[in-house]
Amino acid sequence: MTSTQTLILIKDPERLESRLTEIPSVPGVYLMRDHADNILYIGKSKKLRSRVRSYFRDSNRHSPRIAMMIQQVAEIEFIVTDTEAEALALEANLIKQHQPYFNVLLKDDKKYPYLCITWSEEYPRIFITRKRRLGKAKDRYYGPYVDTRLLRSTLHLVKQTFPLRQRPKPLFKDRPCLNYDIGRCPGVCQQLISPEDYHQTMQKVAMIFQGRTGELIQHLTQQMETAAEKMNFEIAAKIRDQIQGLQALNADQKVSLPDDRVSRDAIALAANDKQACIQLFQIRAGQLVGRLGFQAEVGRFQLEGLENDINVTLEKESEFGAILQRVLEDHYHSVDSVEIPSEILVQYELPEESILANWLSEDKGRKVTIINPQRQSKAELIELVERNAGYELERVQKFSDRNTQALQDLAEILDLSDIPHRIEGYDISHIQGSDAVASKVVFIDGLPANQQYRHYKIRNPEVHAGRSDDFASLAEVIGRRFRDYLTLTPEKIDADKPDLIMIDGGKGQLSAVVKVLSELNLLEDLRVVSLAKQREEIFLPGESLPLETNAEQPGVQLLRRLRDEAHRFAVSFHRHKRSQRLKRSRLDEIPGLGHHRQKQLLAHFRSIDYLRIATPEQITEVPGIGLKLAQHIYNYFHPTSDEKDATID
């Protein structure tokens, strides 16, 4: 074992048992760290020893996320508290402070999007993302939102209502872009607004996604009236337009409840034997301001600290209550105290309802009530939330069933011993050999795993403009992908090994790849096929005829989706590479301007058109460009009359 592996607790049973014995059976918080002392996970328990020990036994019951975490735990710390409520509050504070990677209760399939505000930046940005907690500690995430279309339209309206930063990087160095001229941006790139004033604007925007739109409208109304009294009618008119835009956000979202003044969250779930879809409705001033969606695995939630320290699986309703409790804890861990509602309606009784209510009340600074309504309008609201969760579960199940059917069919077509978990697809893109590139796309359980996609630039000197060779290009890419494969540790090989490799092409492309894998002694370990475009035919190594398949059967359709995605990814990279080359081609004609300086010029001016209108002094602002070279560049774009005549001659 390597030195890193010897630090992993599960690899050293004697040290693991010794460490577990040191943990007391009292309420508290536990922190799991890796070999580099990074915090992997923070949790709470009323009996620390029982809870921590449960991670290292009966590993078959763990979700893939927890199983992956356990393989990295090198040290366990704990903090003892007097009560469970103190443990819950401490867990919340530590999670907010450290944001551990594995502290995500729910299935992180990037299904539902979040809205992020980058408070860590001097001029914060606001954007939609499906990656949560990957930014800096000060960045704030709202969601996850079920209705992606509504979220996008809301953000679009917000950007029309408030002048906000529109680009991650400035378009020009010395002047604002068109967004400033039309009032969409306050001139952030040229610091025409102070960071303090911009933060005030962004705080108003944040109130919208905190469910405090009504409070914001009241605040803006006061500002509008004050501006009108001071005869600042232009400012008053701008604020009036902002108020009208905010009122348009929730125009048709009225929810009928007896007391519209109370802020409420209503949470319910729908489940089958494998998973649960949870929805949380955020209701403020009688209006539905947010609909959040979560997913959790059924059968993963257990009671702690029962007789003989054995975790006992909960009965259905109790289990569903535990799921709702953990979802609420996870959600309220990540929100500001002003976002906590005064009332929470739950579908099932929570196992630690009073502890959660007390913690939320303390965090909010006022009483928070948790209710399991049984009749009248509040029960009807819970039924509405449950019905929406049911529709989402049906949709998820239908999509899951389609993928499962396709994977099973593909396994039968290719005579695989098991359903392929990881499938990799490869394609080549070029124009008569110029700007040749390749792509690798990855499907996990039939779904695209975008974070594992890769681009390749073809390095083969025999492949160039006027001479293409797809066989040699594919052979190069597969060789680069797998040449160090046998040097990996068994754990990394298991995580990285494709169950199936698909090549876009026919027998020729497949033969080129098979030859490389044979030279690497990997042909026995890796299953590879090719998919020809014209007739959607599948070829196997060593077979002259394609498999007998129907182009419309689920397994073939899955391969087609993989092939089309590999083609799209390769073509987009090829176009980008070709575009960059065309940009540089004119600069190649300038003496003394090498490839590195061309890249610096394009990075600074963004395009040839902006470089053309730059003065020599502005060109010298680019690192490495002196006044003499800057004058050469300027003269190239602004030739004298003699130079023009010489060119004509």
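Residues numbered from 1 in each chain as written. Predicted model: local features only at pLDDT ≥ 70, side-chain atom pairs only at ≥ 80, totals over all residues. Heavy atoms only, no water.

A. Region of the structure containing the overall build of the protein. Across its full length, the protein carries 22 helices and 18 strands. Counting across all 649 residues of the protein, residues that qualify as buried make up 46%. In the protein, the share of contacts with a sequence separation of at least 24, taken over all contacts with a separation of at least 6, comes to 63%. Here the protein displays about 33,800 Å² of accessible surface, and carbon together with sulfur accounts for 48% of that area. (Helix = DSSP H or I, 4+ residues; strand = E, 2+ residues; numbered from the N terminus. Buried < 20%, exposed > 50% of the residue type's maximum accessible area, 1.4 Å probe, protein only. Contact = heavy atoms within 4.5 Å. Areas by Shrake-Rupley, 256 points an atom, 1.4 Å probe, with all protein chains shown as cover.)

B. Molecular detail of the pattern of salt bridges. Under the defined criterion, the tally for this structure stands at 28 salt bridges. Residue Glu343 pairs with Arg264 through a salt bridge whose shortest N-O separation is 2.5 Å. Separated by 79 residues along the polypeptide, Glu343 in strand E10 (residues 343-346) and Arg264 in strand E7 (residues 264-271) bring together distant segments of the chain. Between Asp265 and Arg284 there is a salt bridge whose closest N-O contact spans 3.0 Å. One end of the pair, Asp265, is in strand E7; the other, Arg284, is in strand E8 (residues 275-284), with 19 residues separating them in the sequence. Comparing Asp265 with Arg284, the two get one shared label, buried. (Salt bridge = Lys/Arg side-chain N within 4 Å of Asp/Glu carboxyl O.)

C. Structural view of the side chain of Thr161. With respect to the helices and strands, the residue Thr161 is situated in helix H6 (residues 148-161). In terms of polar contacts, Thr161 uses its side chain to reach the backbone carbonyl oxygen of Leu157, at 2.7 Å. Non-local contacts of Thr161, meaning those with residues more than four positions away in its chain, are made with Asp241, Gln242 and Gly245. (Polar contact = N/O pair within 3.5 Å; in protein donor to acceptor, adjacent residues only side chain to side chain.)

D. The packing of aromatic side chains, seen in detail. Counted according to the given criterion, the structure contains nine aromatic pairs. When the centroid spacing of 6.2 Å and the interplanar angle of 65 degrees are considered together, the rings of Tyr41 and Tyr55 count as edge-to-face. Linking Tyr41 in strand E2 (residues 39-45) with Tyr55 in the loop between helix H3 (48-54) and helix H4 (64-70), this pair joins segments that are 14 residues apart in sequence. Like Tyr41, the residue Tyr55 is buried in the burial classification. Pairing Phe320 with Tyr348 gives two aromatic rings, centres 5.6 Å apart and planes at 50 degrees, and the pair type is tilted. Here Tyr348 lies in the loop between E10 and helix H12 (353-364) and Phe320 lies in helix H11 (residues 316-333), a separation of 28 residues in the sequence. (Phe/Tyr/Trp six-rings, centres within 6.5 Å; stacked < 30°, edge-to-face > 60°.)

E. Region of interest: the sheet that holds strand E4 (residues 114-117). Taken in spatial order, the three strands make up an open sheet running E5-E4-E6, and their pairing is antiparallel. In the strand order of this sheet, the two ends are held by strand E5 (126-129) and strand E6 (140-142), each with one partner. Within this sheet the neighbouring strands show an average axis-to-axis angle of 30 degrees, counted without direction. Where E4 and E6 come together, three bridges link them in antiparallel fashion. When the sheet's bridge partners are listed, Cys116 is paired in E6 with Tyr141. This element, H6, spans E4 and E5 of the sheet and lies at about 170 degrees to E5. (Pairing = 2+ DSSP bridges. Axes fitted to C-alpha atoms, helices over the stretch in contact; angles between N-to-C directions.)

F. Quick peek at the sheet that holds strand E3 (residues 75-80). Taking strand neighbours across the sheet as the criterion, the three strands line up as E2-E1-E3 in an open arrangement whose pairing is antiparallel. Looking at the sheet topology across the chains shown, the edges are occupied by E2 and E3. Taking the axes of each pair of neighbouring strands and ignoring which way they run, one obtains an average angle of 20 degrees across the sheet. Note that strand E1 (residues 28-33) and E3 share six bridges and pair antiparallel. Paired with Met32 across the two strands is Ile76, which belongs to E3. Packed onto the sheet, helix H5 (residues 84-98) meets E1, E2 and E3 and runs at close to 165 degrees relative to E2.

G. Expanded view of the packing of H5 against H11. Running from N to C, H5 and H11 cross one another at 50 degrees; their axes reach a closest spacing of 9 Å. The orientation of H5 with respect to H11, classified from their angle, is oblique. For the element pair H5 and H11, the recorded crossing hand is right-handed. Side by side, H5 and H11 meet where Leu88, Glu91, Ala92, Ile95 and Lys96 of the first sit next to Arg326, Glu329, Tyr332 and His333 of the second. Residue classes in the contact of H5 with H11 are distributed as four nonpolar, one polar and four charged. (Parallel < 35°, antiparallel > 145°, perpendicular 65-115°, else oblique. Left-handed = near helix turned anticlockwise from the far one by under 90°. Nonpolar A, V, L, I, M, F, W, Y, C, P; charged D, E, K, R; others polar.)

H. Local environment of the packing of helix H8 (residues 195-209) against helix H9 (residues 213-229). Following both chains from N to C, one finds H8 and H9 inclined at 145 degrees, their axes separated by 7 Å at the closest point. Together, Lys204, Met207 and Ile208 of H8 and Thr213, Glu215, Leu216, Leu220 and Gln223 of H9 make up the contact between the two elements. Grouping the amino acids of the contact of H8 with H9 by side-chain chemistry returns four nonpolar, two polar and two charged.

I. Expanded view of the nonpolar core. Formed by 59 residues in total, the largest nonpolar core has its most connected members in Leu115, Ile126, Phe162, Phe209, Ile278 and Leu328. Residue contacts for Leu328: discarding those within four places in its chain leaves Ile267, Leu280, Ile344, Val346, Leu350 and Leu356. The next biggest cluster of nonpolar side chains, apart from the first, holds 26 residues, and it includes Ile478, Ile503, Val516 and Leu517. (Core = buried A, V, L, I, M, F, W, Y, C linked by side-chain atoms within 4.5 Å.)

J. Local environment of the state of the cysteines. Tallying each qualifying case throughout the model produces zero disulfides. Just so you know, Cys177 is unpaired, no disulfide at all, and the nearest cysteine sulfur is the one on Cys189, 5.9 Å from it. Cys177 sits in the buried class, given a relative accessible area of 13%. (Disulfide = S-S within 2.5 Å.)

K. Broad picture of unusual backbone geometry. Despite not being glycine, Asp435 shows a phi value in the positive range, around 55 degrees. Structurally, Asp435 can be placed in strand E13 (residues 434-444). Note on Asp435: relative accessible area 9%, which makes it buried. For Asn521, which is not glycine, the phi dihedral falls at a positive 60 degrees. Assignment of secondary structure puts Asn521 in the loop between helix H16 (507-519) and strand E17 (528-532).

L. Broad picture of the layout of surface pockets. When its volume is computed, the second largest pocket comes out at roughly 710 Å³. What lines the second largest pocket is a set of 22 residues, among which Pro163, Thr201, Lys204, Lys238 and Gln242 lie closest to the centre. Listed by contribution, the elements that provide at least two residues to the lining of the second largest pocket are H6, H8, H9 and helix H10 (233-249). (1 Å grid on protein atoms, 1.4 Å probe; cavity = no way out; pocket = protein on both sides within 12 Å on 5 of 7 lines; lining within 4 Å. Points joined across faces, edges and corners; volume = space filled by probe spheres on them.)

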